Amino acid sequence: MTRALASALAGLACVAAAIALLGDAPGPALRALVAGSLVGTAAWTATLLKTAPLLLSGLGVALCFRCGVWNIGAEGQLLAGALAATALATRGPADAPAWLLAPAALAAGACGGALFGAAAGWLRAWRGVSEVISTILLNFVAIHCVALAVQGPLREAAGAYPQSDALPLAAQLPALGRVHAGVLLALAVAVAVHALLFRGAPGFRMRAVGLSPRAARFAGISPERTGALALALGGALAGLAGACEVAGVTRRLYEGLSPGYGYTAIAVALLGRLHPLALVPAALFFGALEAGAGAMQREAGVPAEAAKVVQAVVILISTALAAGPLALRRPRAAEGAR
Amino acid sequence: MHALLGQNGAGKTTLMNVLVGLVRPDAGRLELWGADLDLARWSPAQAVRAGIRMVHQRSALVPALSVPENLAFGDPRGGPWFRARRAREAARALAQRYGLEVPLDRPVEALAPGERQRAEILRALDRGARALILDEPTAVLTPGEAEALFASLRRLRDAGRAVVFISHKLAEVEAIADRVSVLRAGRCVASRPAQGLSAAELGRLMLGDVALPEAAAARAPAAPPGSPRLELVGLSAPGGDEASRLRAIDLAVGEGEIVAVIGIDGNGQRELEEVLAGVRRPSAGGVRVRGEPVAVSPRALRRAGVAHLSGDRESAGLVPGMSLAENFALKGSYDDRRFFRRGRFDLAAARAAVAGAIARFAIVPDDPDLDCAALSGGNAQKLAVARELDGDPPVLVAANPTRGLDVASARFVHEQLRQRAAAGAAVLLISSDLDEAQALASRLVALVRGSLRAVPPGSDRSAIGALLVGAPA
């Protein structure tokens, strides 16, 4: 906890230094960053809307990392989920009951993400393909699948822009005040992933494989199959994030839908030290950073890229301080006991 | 040409580490061609400068590079540039000079084991080796490849190099060595010409002539062997290398019987253990429990009642980072309904169960939530024993179960094995510790180059030693 805070603060200090180097006054820029993410309803709305996809896809990444599977493909899985949800909502059967549409879109999103995760899992389990390579490559596959879809089969009826039709109202997530229900869903999923990891048999096996694949194999747990399951589940969570994004925020599918949520998700998972509940504040931190970056650009004229510097520095410092949460950690009590 | 023999743990590796500079000796002198070496500043670099090179069992070549590239790699004489043609020519000339023919254009990883070993020797010679040490050079070779290696080594000897090779096999010592030295418990017990040395003599030298502990068989004579509980039928399995491939093993362990498989490491013990733990697929034959064939998988074997205890922590299936309670439940993650029901892990039940085991076996520290990585070797093994004996399994496979344990912990493990057998279980002990095997087992068999050989009852150390180094029965 202290380490996570330290790395977050160090990141902010570095961005102040970077802004000063660029020739701007760091004070107003940082004030805009904080004001744009934390002060007032509009700022909090923006922060929470950015937090939801980061938390969901971060949970997917953390689940895989716990199992010793280095899933770098949350971005692609998120896009696959957005694509699947849009396809179902805009091209699905027209006579489906309205109440079913939003849950079905979310389920379709989870399936789309799971499919991409499972593809990498299958390649890893049966052909020994490194998941780092396959998930990165699948990111590009997903990006181009979205491009193909919005220019072809899913293109809006009006045909003006390369984007999908707006999702029917019934398929959109209900609003909770100014944010959508996906924010609440993300919190619930964090609790569910925690329960799965520490109180569920599949999560038990994933942790065993992540901590010692050889010992797990002797205990009758197949590292390959368990890893593939983790990838599919992790992909489903990222896919859910993508579905929430189209059904709750953008209302349409288009290229460049995600500002790199799936990559920041890795940072969220690491800053939260792969602990599902600790991922909530970690996602909030990066969500606030995303939201504040826009404000900083508008109000203080500092490029939003400066906020990316914070992210990068936080990732570097948190990974260095944690030194691989799986590798060097030697807690007295095993984690599952807490 | 000097052969160095000794049991596991006799000090061979330490001695070789001294020669190559990894260990600085406390006392004594080291002479090379009559010249004293400076031991006060002895280091790997010094050893290389003196011309002592070692060829390890594990290849030290870069797999993706060809032999000439490997020779040039890290060689300061080459300067900053790699000259492919010159390197290839130098490698070819060197290979020809010593009769160590190797393909020069393929990456090392594409070479056969014998070729790789020749490449390894070439590299040592290329750096000006005057004394060459080979650590069990034939372990990975087929008989034909070994013969070719011996021919090369003879040429090296005739060219005036000193060759030391470490071996467990009598036949090759006879075939190639001029002198033989035997280490036992850190002392050189014999150093004599290889000519006319008998297998029995060599076995006695390696294992010593102290009387064996009273055989378990003699102490509790012949309870009529119960019906077979565990049977291996024509079991063959691929091995880590040529010597450790399992070849058509037939073995039956009866009710209440402790059978020990003895042998020198690297002759298939690990492979046998892995098959019986279910993580290595047999290529032929199979395993029967109480006469019923059982699939070789960890879960099927466990369900059939085969428990597995190992001296190796990872094989023992203890997961560092998980608590004592979680480790106790580990092997039941698919089918043990006490701890796992409908996809849920019942931590409270696991805590309660491990608390019972902690009390029964006096495991310290006694906290069920403690990370098991914090346990000492003895206590970790107690935890493994508690888990494996939980539910009174009818068959127990124990592989070097006391390796690395202190005396008290080892005694505890032995006692548990005896009690299991007394309660009617079939116990298969795989051990490289002859004393342990003799003290526990009612019957000994030897695993030599992947095949089982009967050990005649009442054999003494020299007879057993001769059997283990591969003398014809």
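Here goes a summary of the coordinates provided. Counting from 1, residues in each chain are numbered in the order their sequence is written. In the order they appear in the text, chains get letters beginning with A and ligands get numbers beginning with 1. With pLDDT at 70 or above as the cut-off, local features in this predicted model cover only qualifying residues; side-chain atom pairs require 80 or more to be listed or tallied, and sums for whole chains, interfaces and linings still use all residues. Side-chain metrics in this entry use all non-hydrogen atoms of the structure; hydrogen atoms and water are not considered.

1. Here we look at the interface of chain A and chain B
A common way to report how large an interface is uses the accessible area buried once the components associate.
Here is step 1: Here, residues are in contact when the closest pair of their heavy atoms is within 4.5 Å. Between chain A and chain B, the residue contacts involve 26 residues of the former and 32 residues of the latter.
Here is step 2: Buried area: the accessible area, evaluated with a 1.4 Å probe, that two parts lose upon being put together, summed over both parts. Summed over both sides, the interface between chain A and chain B buries roughly 2,600 Å², with carbon and sulfur atoms accounting for 60% of that surface.
Here is step 3: By the criterion of area lost to chain B, the three top residues of chain A are A:Phe204, A:Arg214 and A:Phe218, representing 27% of everything that side buries.
Here is step 4: By salt bridge we mean one thing: a side-chain nitrogen of Lys or Arg within 4 Å of a carboxyl oxygen of Asp or Glu. Among the salt bridges present, the one from B:Glu274 reaches A:Arg214, with a minimum N-O distance of 3.2 Å.
Here is step 5: Pairing of N or O atoms within 3.5 Å defines a polar contact, subject to two protein rules: one partner must be a possible hydrogen donor and the other a possible acceptor, and residues neighboring in sequence count only if both atoms are side-chain atoms. Taken together, the connections running from chain A to chain B amount to 7 residue pairs in polar contact (both at pLDDT 80 or more).
Here is step 6: Looking at the side of chain A that touches chain B, the elements that each hand over two or more residues are helix H7 (182-199), helix H8 (201-211) and helix H9 (213-218) of chain A.
Here is step 7: Numbering of helices and strands runs from the N terminus, with a helix taken as a DSSP run of H or I at least four residues long and a strand as a DSSP run of E at least two residues long. It is H8(A) that provides the largest number of residues to the side of chain A that touches chain B, a total of 7 residues.
Here is step 8: Broken down by class, the residue content of the side of chain A that touches chain B amounts to 14 nonpolar, 4 polar and 8 charged. Gly falls in the polar group here, along with every residue not listed as nonpolar (Ala, Val, Leu, Ile, Met, Phe, Trp, Tyr, Cys, Pro) or charged (Asp, Glu, Lys, Arg).

2. Thoughts on the nonpolar core
Here is step 1: Formed by 194 residues in total, the largest nonpolar core has its most connected members in B:Ile121, B:Leu153 and B:Val180.
Here is step 2: Top contributing element to this core by residue count: helix H10 (residues 223-250) of chain A, with 11 residues.
Here is step 3: An automatic or database domain assignment supplies the residue ranges for each domain. Three or more residues apiece are contributed to this core by two domains, here domain 1 (2-197) and domain 2 (214-468) of chain B.
Here is step 4: Leaving out residues up to four positions away in the same chain, B:Leu153 has contacts with B:Met1, B:Ile121, B:Leu134, B:Val163 and B:Ile176.
Here is step 5: Counting residues in each nonpolar core, the second largest holds 28 residues, with B:Leu232, B:Leu251, B:Val397 and B:Ile430 among its members. Joining through side-chain atoms within 4.5 Å is the link that ties buried Ala, Val, Leu, Ile, Met, Phe, Trp, Tyr and Cys residues into a set, and such a set is a nonpolar core. Think of it in three bands: with a 1.4 Å probe and only protein chains considered, a residue is buried below 20% of the maximum accessible area for its type, exposed above 50%, and partly exposed in between.

3. So, the packing of aromatic side chains
Here is step 1: Stacked, tilted and edge-to-face pairs are distinguished by plane angle, under 30 degrees for stacked and over 60 for edge-to-face with tilted covering the rest, among Phe, Tyr and Trp rings (Trp via its six-membered ring) whose centres lie within 6.5 Å. Within the structure shown, the criterion is met by 8 aromatic pairs over all chains.
Here is step 2: Ring plane angle 65° and centroid distance 4.8 Å describe the contact between A:Phe65 and A:Trp70, whose orientation is recorded as edge-to-face.
Here is step 3: A:Phe65 sits in the buried class, given a relative accessible area of 4%.
Here is step 4: On the basis of an interplanar angle of 75° and a centroid distance of 5.3 Å, the ring pair of A:Phe285 and A:Phe286 is categorised as edge-to-face. Assigned by exposure class, A:Phe285 and A:Phe286 land together as buried.
Here is step 5: Either the NZ atom of lysine or the CZ atom of arginine qualifies as a charge over a ring when it sits within 6 Å of the ring centre and within 35 degrees of the ring normal. Above the plane of the ring of B:Tyr334 lies A:Arg205, whose end atom (NZ or CZ) is 3.8 Å from the centre.

4. Topic: the pattern of salt bridges
Here is step 1: Counted by the stated rule, this structure contains 27 salt bridges over all chains.
Here is step 2: Across the pair B:Glu274 and B:Arg270 runs a salt bridge whose closest N-O atoms are separated by 3.6 Å. Of this pair, B:Glu274 and B:Arg270 both sit in helix H10 (residues 269-277), 4 residues apart, which is roughly one turn of that helix.
Here is step 3: Classification of B:Glu274 as buried rests on a relative accessible area of 7%.
Here is step 4: Of the charged contacts, one joins B:Arg387 and B:Glu388 as a salt bridge, the two residues approaching to 3.2 Å between their closest N and O atoms. Taken individually, B:Arg387 and B:Glu388 each receive the classification buried, so the pair is uniform in this respect.
Here is step 5: It is possible to trace a salt-bridge network through shared partners that takes in A:Arg214, B:Arg270, B:Glu274 and B:Arg280.

5. Quick notes on empty space enclosed by the protein
Residue and element names in this part refer to chain B.
Here is step 1: For cavity detection a 1 Å grid was placed over the protein atoms alone, and a set of points counts as a cavity when a 1.4 Å probe fits there but cannot get out; an open set counts as a pocket when protein lies on both sides within 12 Å along at least five of seven lines, with lining residues being those that have an atom within 4 Å of a point. Grid points are joined across faces, edges and corners, and a volume is the space filled by probe spheres set on the points. This model, assessed by the stated rule, comprises 4 cavities of 30 Å³ or more.
Here is step 2: Of the volumes computed, that of the largest cavity is approximately 110 Å³.
Here is step 3: In this structure, the largest cavity is lined by 13 residues; those nearest its centre are Pro298, Arg302, Val306, His308 and Lys331.
Here is step 4: Of all the secondary-structure elements, those providing two or more residues to the lining of the largest cavity are H10, helix H11 (298-303) and strand E14 (306-310).
Here is step 5: Taken together, the residues of the lining of the largest cavity sort by class into 8 nonpolar, 2 polar and 3 charged.

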